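Examining the three-dimensional arrangement
For reference, the chains in residue letters:
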Amino acid sequence: MKRDKEDIMKPRSLTILALAGLLTAIMAAPVVAGTETDMFKSTDKKQTAKDFKPAPDKIKTSFGTLEFEGGAFPTEESVQKIYDELDLQRATQAFLDFFPSLSIYGIVKSQVRDFGYKTSSDFAVMADFMQPSENYLTGNDVTVYAFATLDLKVDGATVMEIPPGMYGNANDAIFKYLTDFGPTGPDKGKGGKYLFLPPGYEGNVPDGYFVLRSPGYRIWAMMRGFGEVGTGEQAVQWFKERLKVYPLKSGPRANKVVNSSHMGANTLPPEDASVFEMLNEIIQHEPKELFSAEQRGRLATLGIEKGKPFAPDARMTRIFDQAAKQGVAMSRAIVYASRDPEINYWPGRHWEKMFIRNTEFVNNGNNDIDARTLWHYQAICVSPNLLSTTPGVGTAYLTAFRDENGDYLLGDKTYRLRVPANPPVKRFWAVTAYDPMSRSLLNSGGNITVSSTRGVDANPDGSVDLYFGQKAPAGKEKNFIKTDPDKGFFVVFRFYGPLEGYIEKTWVMNDFELID
């Protein structure tokens with residue numbers, strides 16, 4: 001039907017008038033208290049010196065009552081309380097802020113100490129899968145890992161030759177993402193040479209490399225092998241023939257490759273005063289520019305400063321010990337009792353995200369510090385492909401700490417977890433149990449992982465019932481995970497190559513059911 005110009009213009013004119021009226025109303029509306037930022041438009045009442053309201057000369061706090069002579073001069077006893085608390089608060093915050101750096105340093109230090117690395121060319125292969133004796137944060141025991149430790153301060157520019165078909169990544173000295181290897185990395189699964197350049201590198205950069213400039217010196221690289229890699233000595237030999245790490249200036253050199261399964265390793269930062277000794281080692285080794293002036297300034301008040309000896313007295317050692325324990329307590333609350341409104345993956349379920357919003361730990365332009373703690377206190381490796389939004393690419397992880405009633409999972413109870421039919425994965429899925437104290441593989445003396453790669457008994461409708469407790473129900477041995485009756489546990493459900501059902505949340509996991 002043909003409409004004349006007048007008919008068309010009428011609604012447009014009405015719309016313009018309505019918008020004009022709305023704009024006038026907005027401009028005339030009173031400003032909400034506290035939202036006006038133009039101080040020249042302030043409507044505050046005039047004040048004089050009499051309007052200043054000082055704190056009293058006796059202040060009650062959680063660390064005692066503080067008294068001030070002459071109105072504001074702290075008594076000797078109060079001065080001691082104040083500085084003890086100030087140092088404790090700064091040290092506690094340092095534990096939280098620097099935990100990512102401590103975590104990756106704990107790993108690389110462990111690999112030298114516990115696996116016997118002599119140079120960055122040496123590496124370890126979890127050829128018989130990871131064991132509870134190697135306490136990597138939420139590491140899994142269903143894939144073969146290879147681990148390399150680089151130190152660009154020692155070797156300068158360093159080359160990693162990655163074989164085709166690898167899945168993995170490299171992280172810098174503060175556990176920030178540098179690159180992926182494999183299908184999600186620049187080599188696109190074809191393998192290639194990666195060149196890691198140290199801070200301030202000004203030398204020639206040869207052609208034929210995937211070049212990464214690292215802001216720090218130490219780098220940890222992790223790879224996972226599948227298929228032809230095999231297990232046991234076959235896996236060790238496979239990596240020895242194909243994975244190379246060496247200084248650019250020298251070229252390939254002799255190396256040692258070990259099967260680190262069952263060797264035992266302690267990768268975790270201490271949870272006592274000695275963790276601050278580790279922090280000092282990091283500060284002394286890494287370039288100061290890796291950390292902000294504000295961070296360095298706070299550490300300096302605690303006696304940790306680049307180029308200076310770290311020699312805490314008995315008082316500071318006692319404070320450091322308490323700070324580490326308080327930092328652990330806060331980290332446990334952030335991980336196991338998150339108050340983030342976006343923590344649950346599905347509404348009405350107790351499955352929680354490990355990366356709450358993104359892998360950069362940024363929210364509305366701010367550092368997402370609790371999300372950062374939530375990840376780093378329970379996990380290792382940072383890569384955007386651990387938060388996959390492309391069907392069939394990368395991986396996805398969810399945790400469960402509670403049953404359907406919201407109660408923590410305890411090892412002396414029996415639970416059932418029904419996995420709905422057709423889990424949305426391109427490759428495979430796995431669920432693994434962990435120790436909540438170490439956040440590492442649960443050492444229960446029995447099976448702790450059920451994976452679709454190892455075979456499971458399915459129900460007639462395709463769903464799979466998994467059982468957790470002390471004894472497997474008859475006929476459900478393949479679907480059983482043994483727990484430790486003396487402690488709690490949590491699980492990570494892994495989706496390797498998550499598909500649309502997971503990404504779009506149309507496939508929904510059930511909660512743990514308490515059976516006994």
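Thresholds, definitions, all that
- Residues numbered from 1 in each chain as written.
- Predicted model: local features only at pLDDT ≥ 70, side-chain atom pairs only at ≥ 80, totals over all residues.
- Heavy atoms only, no water.
- Phe/Tyr/Trp six-rings, centres within 6.5 Å; stacked < 30°, edge-to-face > 60°.
- Helix = DSSP H or I, 4+ residues; strand = E, 2+ residues; numbered from the N terminus.
- Buried < 20%, exposed > 50% of the residue type's maximum accessible area, 1.4 Å probe, protein only.
- Contact = heavy atoms within 4.5 Å.
- Salt bridge = Lys/Arg side-chain N within 4 Å of Asp/Glu carboxyl O.
- Pairing = 2+ DSSP bridges.
- Polar contact = N/O pair within 3.5 Å; in protein donor to acceptor, adjacent residues only side chain to side chain.
- Core = buried A, V, L, I, M, F, W, Y, C linked by side-chain atoms within 4.5 Å.
- Axes fitted to C-alpha atoms, helices over the stretch in contact; angles between N-to-C directions.

1. Describing the packing of aromatic side chains
Applying the stated rule across the entire model yields 38 aromatic pairs. Centre to centre, the rings of Tyr-415 and Phe-489 are 5.9 Å apart; their planes meet at 70°, and the pair counts as edge-to-face. Remark: Phe-489 occurs in the loop between strand S22 (480–482) and strand S23 (490–498) and Tyr-415 occurs in strand S18 (residues 415–419); sequence separation between them is 74 residues. For Tyr-415, a relative accessible area of 1% translates into the label buried. Among the residues examined, Phe-489 registers a relative accessible area of 3% and is labelled buried. Ring centres of Tyr-434 and Phe-490 lie 5.6 Å apart, and the angle between their planes is 25°; on these two criteria the pair is classed as stacked. Of the two residues, Tyr-434 is situated in strand S19 (residues 425–434) and Phe-490 in strand S23; the sequence distance between them amounts to 56 residues. Summarising the burial analysis for this pair, Tyr-434 and Phe-490 share the class buried. The rings of Tyr-345, Trp-346, Trp-351, Tyr-415, Trp-429, Phe-468, Phe-489, Phe-493, Phe-495, Tyr-502, Trp-507 and Phe-512 are connected pair by pair, giving a single aromatic cluster.

2. A few points about the side chain of Thr-179
For Thr-179, the position within the fold is in strand S8 (residues 177–181). With relative accessibility at 3%, the residue Thr-179 sits in the buried group. Leave out the neighbours within four places in its chain, and Thr-179 touches Asn-169, Ala-170, Pro-186, Tyr-194, Phe-196 and Leu-212.

3. A short note on the pattern of salt bridges
This structure, assessed with the given rule, holds 21 salt bridges. Linking Arg-218 and Asp-151 is a salt bridge whose minimum nitrogen-to-oxygen distance equals 3.8 Å. Linking Arg-218 in strand S11 (residues 218–225) with Asp-151 in strand S5 (residues 144–151), this pair joins segments that are 67 residues apart in sequence. Judged by relative accessible area, Asp-151 falls into the buried class, the value being 14%. Here Asp-155 and Arg-253 are joined by a salt bridge, their closest N and O atoms 3.4 Å apart. Separated by 98 residues along the polypeptide, Asp-155 in helix H4 (residues 152–155) and Arg-253 in the loop between strand S12 (244–247) and strand S13 (257–259) bring together distant segments of the chain. Here the salt bridges share partners, and the residues they tie into one network are Asp-340, Glu-342, Arg-357 and Asp-368.

4. Considering the pairing of strand S17 (residues 395–400)
Burial analysis of S17 places six of its six residues in the buried class, which makes it a mostly covered element. Burial along S17 is two-sided: the residues Thr-395, Tyr-397 and Thr-399 and Ala-396, Leu-398 and Ala-400 are all buried. Judged from the six bridges that link them, S17 and S23 form a sheet pairing that is antiparallel. Each bridged residue has a counterpart across the sheet, and for Thr-399 the counterpart in S23 is Val-492.

5. Describing the side chain of His-285
Along the chain, His-285 falls in helix H6 (residues 275–285). Its relative accessible area of 14% is what places His-285 among the buried residues. Polar contacts involving the side chain of His-285 include one to the side chain of Asp-151, which spans 3.0 Å. When sequence neighbours within four positions are dropped, the list of residues in contact with His-285 reads Asp-151, Lys-153, Tyr-217, Arg-218 and Lys-306.

6. Re the nonpolar core
Core analysis: the biggest nonpolar cluster contains 129 residues, and Met-160, Phe-196, Trp-220 and Phe-276 have the highest contact counts within it. Of all the elements, helix H8 (residues 314–336) adds the most residues to this core, at nine residues. The next biggest cluster of nonpolar side chains, apart from the first, holds five residues, and it includes Val-159, Leu-195, Leu-197 and Tyr-246.

7. Focus: unusual backbone geometry
Despite not being glycine, Arg-439 shows a phi value in the positive range, around 55°. Mapped onto the fold, Arg-439 is located in the loop between S19 and strand S20 (449–451). Positive phi, close to 65°, is recorded for Lys-505, a residue that is not glycine. Inspection of the secondary structure assignment puts Lys-505 in the loop between helix H10 (500–503) and strand S24 (513–514).

8. Focus: the sheet that holds S11
Within a sheet, adjacent strands bond to each other through the backbone by hydrogen bonds, running parallel or antiparallel. Pairing is mixed in the open sheet, where six strands are placed in the order S8-S7-S11-S5-S4-S13. Of all the strands in the sheet, the pair left with one neighbour each is S8 and S13. Going across the sheet, the axis of each strand differs from the next one's by a mean of 15°, ignoring polarity. Here strand S7 (residues 167–171) runs beside S11; their pairing, made up of five bridges, is antiparallel. Looking at the pairing, Asn-169 lines up with Met-222 of S11.

9. Considerations on the sheet that holds strand S1 (residues 58–61)
Pairing in this open sheet of three strands is antiparallel, and the strands run S1-S2-S3 from one edge to the other. Two strands in the sheet have a free side with no partner beyond their single neighbour: S1 and strand S3 (73–74). Relative to strand S2 (residues 64–69), S1 runs antiparallel, the two being bridged by four bridges. Bridge pairing links Ile-59 to Leu-66 in S2. Here helix H2 (residues 76–97) sits on the sheet in contact with S2 and S3, set at roughly 130° to S2.

10. Observations regarding the environment of Gly-462
Checked against the element boundaries, Gly-462 lands in the loop between S20 and strand S21 (464–469). Residue classification places Gly-462 among the partly exposed residues on the basis of a relative accessible area of 30%. For the pair Gly-462 and Asn-280, spaced 182 residues apart in sequence, the C-alpha to C-alpha distance is 54 Å.

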